[in-house]
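Structure at a glance
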Amino acid sequence: MTSSAPFRRFSFAFGTTFAVLYVVALAKDLALITVFPSLGIILAGTHRSRDVADPAMGFLAPAIYWYGWTTTAALGALVVGLVAASIPKGSTRYNWEGMVWIIPALSMIACVYLTLPWFRL
Amino acid sequence: MATALLIVHGLVAVALLGAITHQTLAAWGAAGARPASFLGRFRSVPSASFANAIVFLYAASTLLGGIIYLYFRVDVRPELERASHWHVLGFFELKEHFAAIGLALLPAYWVCWRRPLANEPTQIRTALTSMLAFIVWWGFLTGHVANNIMGFGS
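Residues numbered from 1 in each chain as written. Chains lettered and ligands numbered in written order. Predicted model: local features only at pLDDT ≥ 70, side-chain atom pairs only at ≥ 80, totals over all residues. Heavy atoms only, no water.

A look at the confidence of the model for chain A
Interpretation of the predicted coordinates at a detailed level should be avoided for regions scoring low in pLDDT. On average, residues of chain A score 86 in pLDDT, and 82% of them reach the 70 mark or higher. Here helix H2 (residues 57-60) of chain A stands out as the element of chain A with the lowest mean pLDDT, 64, in contrast to helix H3 (residues 66-86) of chain A, whose mean of 96 is the highest. (pLDDT = per-residue confidence, 0-100. Helix = DSSP H or I, 4+ residues; strand = E, 2+ residues; numbered from the N terminus.)

Thoughts on the packing of aromatic side chains
Overall, the coordinates contain 18 aromatic pairs over all chains when judged by the stated rule. Taking 6.2 Å as the distance between ring centres and 35° as the angle between the ring planes, the aromatic pair formed by A:Trp118 and B:Trp86 counts as tilted. Placement of the pair is A:Trp118 in the segment after helix H4 (99-115) and B:Trp86 in helix H4 (residues 86-114), with the two residues belonging to separate chains. Given the relative accessible area of 22%, B:Trp86 is considered partly exposed. Through a chain of ring-to-ring contacts, the aromatic side chains of A:Phe7, A:Phe10, A:Phe14, A:Phe18, A:Tyr22 and B:Trp110 assemble into a single cluster. In this structure, B:Arg125 packs its charged tip against the face of B:Trp113, placed 4.4 Å from the ring centre. (Phe/Tyr/Trp six-rings, centres within 6.5 Å; stacked < 30°, edge-to-face > 60°. Buried < 20%, exposed > 50% of the residue type's maximum accessible area, 1.4 Å probe, protein only. Lys NZ or Arg CZ within 6 Å of the ring centre and 35° of its normal.)

Quick word on the pattern of salt bridges
Residue and element names in this part refer to chain B. Enumeration over the complete set of coordinates arrives at four salt bridges over all chains. Of the charged contacts in the structure, one is a salt bridge between Glu93 and Arg77, with a shortest N-O distance of 3.3 Å. Of this pair, Glu93 sits in helix H4 while Arg77 sits in helix H3 (residues 51-82); the two residues are 16 residues apart in sequence, bridging distant segments of the chain. For the pair shown, Glu93 and Arg77 are each scored as buried. Salt-bridge contacts for Glu79 lead to Arg82; the nearest nitrogen and oxygen are separated by 3.0 Å. Of this pair, Glu79 and Arg82 both sit in helix H3, three residues apart, which is roughly one turn of the helix. The class of Glu79 is partly exposed, set by a relative accessible area of 38%. Three or more residues joined by partner-sharing salt bridges are found here, namely Arg77, Glu81 and Glu93. (Salt bridge = Lys/Arg side-chain N within 4 Å of Asp/Glu carboxyl O.)

What about the nonpolar core?
Within the largest apolar cluster, 73 residues are counted, with the highest numbers of intra-cluster contacts made by A:Phe18, A:Tyr22, A:Trp66, A:Trp69, A:Cys111 and B:Tyr58. For this core, the secondary structure elements donating two or more residues are helix H1 (5-28), strand S1 (33-36), H3 and H4 of chain A together with helix H1 (2-28), H3, H4 and helix H5 (123-152) of chain B. Among the elements that line this core, the one with the most residues is H4(B), at 16 residues. Those residues in contact with A:Phe18 that lie beyond four places of it in its chain are A:Thr70, A:Ala73, A:Ala74, A:Ala77, B:Ala100, B:Ile101 and B:Ala104. (Core = buried A, V, L, I, M, F, W, Y, C linked by side-chain atoms within 4.5 Å. Contact = heavy atoms within 4.5 Å.)

Some details on the packing of H1(A) against H4(A)
Residues and elements named next belong to chain A. Put simply, H1 and H4 touch, their axes get as near as 8 Å, and they point 15° apart. Comparing the axis directions of H1 and H4 gives the class roughly parallel. Where H1 crosses over H4, the handedness of that crossing is left-handed. For the pair formed by H1 and H4, the contact residues are Phe12, Gly15, Thr16, Ala19, Val20, Tyr22, Val23, Leu26 and Ala27 on the first element and Met99, Val100, Ile103, Pro104, Ser107, Ala110, Cys111 and Leu114 on the second. (Axes fitted to C-alpha atoms, helices over the stretch in contact; angles between N-to-C directions. Parallel < 35°, antiparallel > 145°, perpendicular 65-115°, else oblique. Left-handed = near helix turned anticlockwise from the far one by under 90°.)

Here it is as C-alpha cells:
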C-alpha cells in the first residue's frame, strides 16, 4: 500500500504546526472566538472580563476560550498544511517526518508549564 | 441531555481506551513476546486494522467532550472552584490541551498506519500511537476524577 504524497505532507505539517500554534495561542491568549455558554453568544476574538469592580461577574457569564485557541491553531495549521501539500516533491530538503511527534511532545510539556499556575492556588 | 451525552462520551472513551491500548502494546511488543502468555495474546492484534476505529472514536469522543464542555463550564467548574479543587481543574485544563493536540495528530497517525511508505520505519507510528494512548488515558482518568470528585473527594 502506498501513500498519497500530498496528503502525507499535509497531515504531517498540519499536526506539527497545530501543536506549535496551539501553545502560542494559549500563551498569548489568541482565541479566534470566545464562547459565553450561559448567555448563548459567541464573540470574535479574545474577551476577558474587564469588570475589575466586581470580578465575581465572571461567575455569571463564564467564558470558554478553548474553542478559540483550537480554531486559531487549526486555521494556521490548515494554511501551512496546504502549502506543504502543494510543494512539489523534492523541491525542499526539509523533512517534517520526525518532527510530527517530537514537536507535539514538546508542546504538551509547554502546556504543562502554562498550566502550572493552577497547581499553585 | 448533559447526563445522556456524558454517558455516551464515557462509553466511547472506554472503547477508545481498549483499542488504543491494544494497538500501543502491539506496536511496542512486536518482538520478543511469548505468544502463549496473556500479554502476548493481548498484543497479538492486527494493529493497522484498529487505526480507522481509533480515528473515529477519538474524533467522536472529542466532539462529545466539546459539547459537554459547555455544561461543564457553566454548571460544574464554578462548583469545583468554590470547593477549591484547583488541582483537578489544572489536570482538566491539561486534558483539554492534550485532546486538541491529539486531534490534530490524527491525520498523520492515520497515514502512518493505513498509507505507510514502502520500507517506512515504524518508529514514527509507534511514537504517535504512544502519544495518543497517553492522551486518551490522561483524558479518561482526569475526566473520571472531575466527574466524581464532589462525591468521593469532598
